[in-house]
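# Working through the structure, step by step
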Amino acid sequence: MNAAPKLRLAADVGGTFTDIVLDNCTSRWTCKVLTTPSRPEEGVLDGIHEILRISDRRLADVADFVHGTTLATNAVIERRGARIALLATQGFRDVLDIATESRYDQYELALIRPKPLAARELRFTVPERMDASGSVRLALDEAAVAALVPALRAERVEAIAIAFLHSYANPAHERRAAAILREMMPEASLSLSCEVCPEIREYERTSTTTVNAYVQPLMDSYLSRMEARLAEEGFRGTIGLMTSGGGLTSIDTARRFPVRLVESGPAGGAIFATQIAAMLGETEVIAFDMGGTTAKITLIEDFAAESARLFEVDRAARFLKGSGLPVRIPVIEMVEIGAGGGSIAHLDALKRVAVGPESASSVPGPACYGRGGARPTVTDADLVLGLLDPAAFAGGTIRLQPDLSCQALAADIGNALGMQPEMAAYAVYEMVCENMASAARVHAVERGVTASQQTVIAFGGAAPLHVGRVAEKIGAARVVVPPNAGVGSAIGFLAAPISFELVRSEYMRIDAFDAATATRLLDAMAREIREWVEPAAHGARLYEKRMVFMRYVGQGHEITVELPDGPLAADAGVALRAAYEATYADMFRRFIPNSPIEILAWSVTIATRTALPAAIAQSPPDGPAPPPDGHADFFDGRAGAMVAVPRYRRTQLANGARIAGPAVIVEDETSTFVTASYDAWVDATGCIVMQRRSRGAAA
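The structure reproduced in this document is the subject of the present report.

Attention now goes to the overall build of the protein. Along its length, the protein carries 17 helices and 35 strands. Its C-alpha radius of gyration of 26 Å places the protein within 12% of the 27 Å reference for a compact globule of 699 residues. Expressed along its principal axes, the backbone C-alpha trace of the protein runs to roughly 80 × 65 × 55 Å. Scored against the burial criterion, the 699 residues of the protein give a buried share of 58%. For the protein, long-range pairs separated by at least 24 residues make up 68% of all intrachain contacts whose partners lie at least 6 apart in sequence. Accessible surface for the protein amounts to roughly 28,100 Å². Of this, 51% is attributable to carbon and sulfur atoms. Charge separation in the protein, taken as the distance between the mean sites of 69 positive and 83 negative side-chain charges, equals 1 Å.

So, in structure tokens, the structure goes:
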């Protein structure tokens with residue numbers, strides 16, 4: 001007798017909506033509920049109750065619960081984290097202000113930097129000193145550490161980040177200071193840089209540790225409540241947390257290192273887009289994820305998203321690297337901007353229409369929700385333009401009120417510019433689409449690709465409404481909106497592998513390569529990771545990947561070279577030089593013969609493996625357009641008039657039936673706007689495919 005299909009549950013907590021997906025390999029159920037910002041687990045439980053009602057299943061039958069959230073990111077951006085202190089080496093109190101001494105905009109005299117998470121009055125130092133080799137130059141003054149406790153208590157400190165100089169080489173002082181503080185202040189959360197980010201580069205290591213400390217009490221409390229509530233509801237399965245690098249980790253590891261979760265939702269979206277790209281055989285893709293609060297752009301090449309080791313949170317300048325708080329963690333490479341359905345539209349100092357980054361979130365929400373929001377948002381603009389059905393939004397769970405949207409658009413934008421609410425809505429729509437198109441162009445140029453040559457895969461609740469216009473602006477000829485696009489990130493969670501990566505700094509020159517030392521370091525890292533990964537993997541086969549970060553002596557940045565499995569041979573340095581030079585030549589078309597090479601860090605990743613779906617054969621669309629399920633009154637800003645646009649239900653579209661734009665395709669989780677430049681059809685995978693008719697229609 002065959003066992004029942006495994007039941008798996010995923011939840012993606014966004015700034016506005018919480019997306020829930022239940023899957024048993026043969027069927028999938030989805031729903032969206034409003035996020036409850038003060039206690040996010042309440043929204044998750046509301047969504048779980050609804051999905052179990054829809055599917056007629058029990059929580060006790062769910063084997064896996066996979067969770068991702070923007071809670072950590074939003075806490076940093078909105079400064080809603082813990083009151084934290086930084087404990088540093090004497091003389092290094094201001095490392096968060098000095099940073100790397102670089103300017104992200106050389107010619108801006110009034111440069112604005114994000115405010116450090118640890119205020120200067122809450123940064124303390126103690127005498128101690130390690131050198132870069134890990135040798136003790138000055139012993140830790142333990143009495144000085146203990147003497148700080150009264151001041152920490154007086155300042156009502158909730159969490160402490162400990163980041164001593166060169167602790168990546170020798171963590172003894174950090175661990176001893178933590179032991180003293182843990183004994184004297186058991187109520188405080190502690191984050192040690194030797195555990196959070198054991199790598200060189202003092203500023204990035206300290207910044208990452210302070211971010212971890214800042215969000216740890218919040219995330220630990222939330223995850224504890226979530227775990228307890230699930231147990232009360234009868235859940236007996238495994239909980240996995242989505243990390244920014246695209247893998248799943250255990251709830252205990254997530255509590256220790258919540259900084260790893262800062263981009264967990266977008267990482268799930270990238271996995272979702274990768275799966276869709278594989279099914280369609282699309283090798284050059286822009287993944288466009290637009291939810292209620294932010295929009296994310298990820299490039300996917302040959303069915304893989306590029307990864308990075310440095311991410312910036314809370315950028316002061318939208319597209320300028322160096323303007324945010326650096327977080328040194330494994331992360332999927334992407335660009336993120338404050339442009340979602342809940343992003344608030346306003347006039348800037350020059351009376352120009354601007355959108356975001358401030359969001360109405362779920363409380364009070366857009367004006368049209370009727371929940372107290374009075375400022376116009378992108379969703380309000382979409383509604384006034386006629387792109388949303390007021391009675392069918394979010395599967396009919398939220399009844400939209402167009403009159404409230406008109407009032408908000410008139411009050412904040414239209415009256416000041418002499419515009420009717422419809423034209424104000426068109427201005428907001430155009431601006432948010434231009435912001436996202438600009439982000440796509442910049443990200444593509446930075447990665448050395450041409451945006452117009454990419455296929456755009458759109459998902460997230462708001463993306464299908466805007467992707468047609470964004471694609472027009474960047475010149476893309478092909479757009480894909482997958483099934484269940486509105487909850488794409490949550491679906492991506494279910495395809496994520498169990499995974500964890502650890503990076504450690506250990507300096508070594510290739511001309512003095514010590515294979516025994518390198519092997520001992522890598523083996524120790526692998527053992528540490530397996531302690532975290534093996535319980536979560538439940539016996540699944542694990543794959544190990546070892547990497548090394550190398551550079552020519554004197555350079556400022558490293559490139560990555562993969563290491564062979566197992567112990568390194570005594571002459572491994574020769575092979576490493578050859579591999580480095582080949583990688584360098586591939587990136588820069590040349591290498592520097594006989595130049596000395598140094599190793600700065602080592603990486604070990606241990607993960608399960610998720611297979612990509614096989615490509616599905618497609619046939620050209622040849623079916624007639626079905627009769628529309630009514631019409632929408634759409635305001636065409638270029639014509640300055642309302643036009644009747646056919647509206648279709650996605651469930652009524654047969655595969656291969658071609659629809660000419662403009663048209664609106666409605667479903668419970670989102671709606672797709674097919675602009676006048678595109679024809680659309682549903683392909684064999686169930687995706688809506690939009691193909692551009694002619695290049696001449698580009699804006």
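Examined against the element boundaries, T206 turns out to sit in helix α8 (residues 202-232). Every residue in contact with T206, bar those within four places of it in the chain, is listed here: L86, V95, L96 and A163.

It is worth spelling out the nonpolar core at this point. Grouped together as the largest cluster of nonpolar side chains are 196 residues, with contacts concentrated most on F65, F288, F513 and W602. Setting aside residues no more than four positions away along its own chain, F65 makes contact with L9, A10, A11, V44, I48, M226, L230, F235, T238, I239 and G240. Listed in part, the 23 residues of the second largest apolar core include V126, V145, F164 and A178.

The next subject is the packing of aromatic side chains. Throughout the structure, instances matching the rule amount to 10 aromatic pairs. Over the ring of F549 we find R309; its NZ or CZ atom is 3.8 Å from the centre of that ring.

Approximately 860 Å³ is the volume attributed to the second largest pocket. Along the wall of the second largest pocket there are 40 residues; nearest its centre are R8, L494, A495, A496 and T610. Among the secondary structure elements, those contributing two or more residues to the lining of the second largest pocket are β4 (62-69), β11 (238-242), β12 (248-250), α10 (264-280), α15 (488-493) and α16 (515-537). Counting residues per element, the lining of the second largest pocket draws most heavily on α10, which supplies four residues. Its residues assigned to classes, the lining of the second largest pocket shows 22 nonpolar, 12 polar and six charged.

Here we come to unusual backbone geometry. The step from V363 to P364 runs through a cis peptide bond, and the omega angle for that step is 5 degrees. Tracing the backbone shows P364 in the loop between β22 (353-359) and α11 (378-385). Omega for the bond connecting G661 with P662 falls within 30 degrees of zero, at 5 degrees, which places this linkage in the cis form. In this fold, P662 is placed in the loop between β31 (659-660) and β32 (663-666). If you check the backbone angles, C25 has positive phi at about 80 degrees while not being a glycine.

What follows deals with α10. With 17 residues, α10 extends 25 Å from end C-alpha to end C-alpha; this agrees with the ideal 24 Å at 1.5 Å per step. Burial within α10 is extensive, with 17 of its 17 residues counted as buried. One or two positions beyond α10, positive phi appears at G281, with a value near 70 degrees.

All right, on to the pattern of salt bridges then. What the rule picks out here adds up to 52 salt bridges. Its salt-bridge partner being R153, residue E187 comes within 3.3 Å of it at the nearest N-O pair. Of this pair, E187 sits in the loop between α6 (172-184) and β10 (189-192) while R153 sits in helix α5 (residues 149-154), and the two are 34 residues apart along the sequence. If you follow the salt bridges from partner to partner, you end up with E199, R201, R309, R328, R551, E558 and E598 in one network.

Further remarks concern α16. Compared with the 33 Å implied by 1.5 Å per residue over 23 residues, the 31 Å span of α16 between its first and last C-alpha is a close match. The sharpest bend along α16 reaches about 35 degrees and sits at R530. Capping of α16 at its N-terminal end is provided by D514; its side-chain oxygen lies 3.3 Å from the backbone amide nitrogen of A516. Of the residues one or two after α16, H538 is the one with positive phi, at around 50 degrees.

What the rule picks out here adds up to three cavities of 30 Å³ or more. Each pocket or cavity is described by its volume, and for the largest cavity that value is around 600 Å³. Contributing to the lining of the largest cavity are 49 residues, with F17, K32, G291, G292 and G461 lying nearest its centre. Going through the elements one at a time, β1 (7-13), β2 (17-23), α2 (71-77), α10, α11, α14 (463-474) and α15 are the ones with two or more residues in the lining of the largest cavity. No other element matches α2, which puts three residues into the lining of the largest cavity. The residue inventory of the lining of the largest cavity, partitioned by class, reads 16 nonpolar, 22 polar and 11 charged.

Moving on, we get to the packing of α11 against helix α13 (residues 421-446). In contact at an axis separation of 8 Å, α11 and α13 are set at 125 degrees when each is read in the N-to-C sense. Between α11 and α13, the angle falls in the class oblique. You can see that α11 and α13 cross each other, and the crossing is left-handed. For the pair α11 and α13, contact is made by V378, A381, D382, V384 and L385 and by P421, E422, A425, Y426, V428, Y429 and V432, respectively. The class makeup of the residues in the contact of α11 with α13 is 10 nonpolar, no polar and two charged.

Sheet architecture is open: four strands sit in the order β29-β30-β32-β33, paired in mixed fashion. The strands lining the two open edges of the sheet, one partner per strand, are β29 (631-636) and β33 (671-674). Strand after strand, the sheet turns through a mean of 30 degrees between neighbouring axes, direction not considered.

Now for the state of the cysteines. Per the counting criterion, the structure on display carries zero disulfides. No disulfide involves C31; its nearest neighbouring cysteine sulfur is the one of C25, lying 19 Å away. By relative accessible area, which is 8% here, C31 ends up buried. Take C197: it sits in no disulfide, and the sulfur closest to it among the cysteines is that of C194, at 11 Å.

Right, let's talk about the pairing of β33 for a bit. Taking every second residue as pointing to the same face, both faces of β33 are buried, with S671 and F673 on one and T672 and V674 on the other. Examined bridge by bridge, β32 and β33 share four bridges and lie antiparallel to one another. Considered in β33, the bridge of V664 is made with F673. The hairpin turn running from β32 into β33, its antiparallel successor, is four residues long.

To summarise the sheet geometry, strands pair through backbone hydrogen bonds and adopt either a parallel or an antiparallel arrangement. Strand order in the open sheet made by the four strands is β25-β28-β26-β27, with antiparallel pairing throughout. Two strands lie at the open edges of the sheet, namely β25 (499-509) and β27 (559-562), each paired on one side alone. The average angle at which neighbouring strand axes cross in this sheet is 25 degrees, direction not considered. Note that β25 and strand β28 (residues 597-607) share nine bridges and pair antiparallel. When the bridges of β28 are listed, S499 appears paired with A607. On top of the sheet, α16 reaches β25, β26 (543-552) and β28; it is set at about 165 degrees to β25, its chief contact.

What counts, and at which threshold
Residues numbered from 1 in each chain as written. Predicted model: local features only at pLDDT ≥ 70, side-chain atom pairs only at ≥ 80, totals over all residues. Heavy atoms only, no water. Helix = DSSP H or I, 4+ residues; strand = E, 2+ residues; numbered from the N terminus. Rg over C-alpha atoms; globule rule 2.2 N^0.38 Å. Buried < 20%, exposed > 50% of the residue type's maximum accessible area, 1.4 Å probe, protein only. Contact = heavy atoms within 4.5 Å. Areas by Shrake-Rupley, 256 points an atom, 1.4 Å probe, with all protein chains shown as cover. Lys, Arg positive; Asp, Glu negative; His and termini not counted. Charge placed at Lys NZ, Arg CZ, Asp CG, Glu CD. Core = buried A, V, L, I, M, F, W, Y, C linked by side-chain atoms within 4.5 Å. Phe/Tyr/Trp six-rings, centres within 6.5 Å; stacked < 30°, edge-to-face > 60°. Lys NZ or Arg CZ within 6 Å of the ring centre and 35° of its normal. 1 Å grid on protein atoms, 1.4 Å probe; cavity = no way out; pocket = protein on both sides within 12 Å on 5 of 7 lines; lining within 4 Å. Points joined across faces, edges and corners; volume = space filled by probe spheres on them. Nonpolar A, V, L, I, M, F, W, Y, C, P; charged D, E, K, R; others polar. Expected span 1.5 Å × (residues − 1). Salt bridge = Lys/Arg side-chain N within 4 Å of Asp/Glu carboxyl O. Bend = angle between axes of the 7 residues up to and from the residue. Polar contact = N/O pair within 3.5 Å; in protein donor to acceptor, adjacent residues only side chain to side chain. Axes fitted to C-alpha atoms, helices over the stretch in contact; angles between N-to-C directions. Parallel < 35°, antiparallel > 145°, perpendicular 65-115°, else oblique. Left-handed = near helix turned anticlockwise from the far one by under 90°. Pairing = 2+ DSSP bridges. Disulfide = S-S within 2.5 Å.

Purely spatial values, then, with no claim about function.
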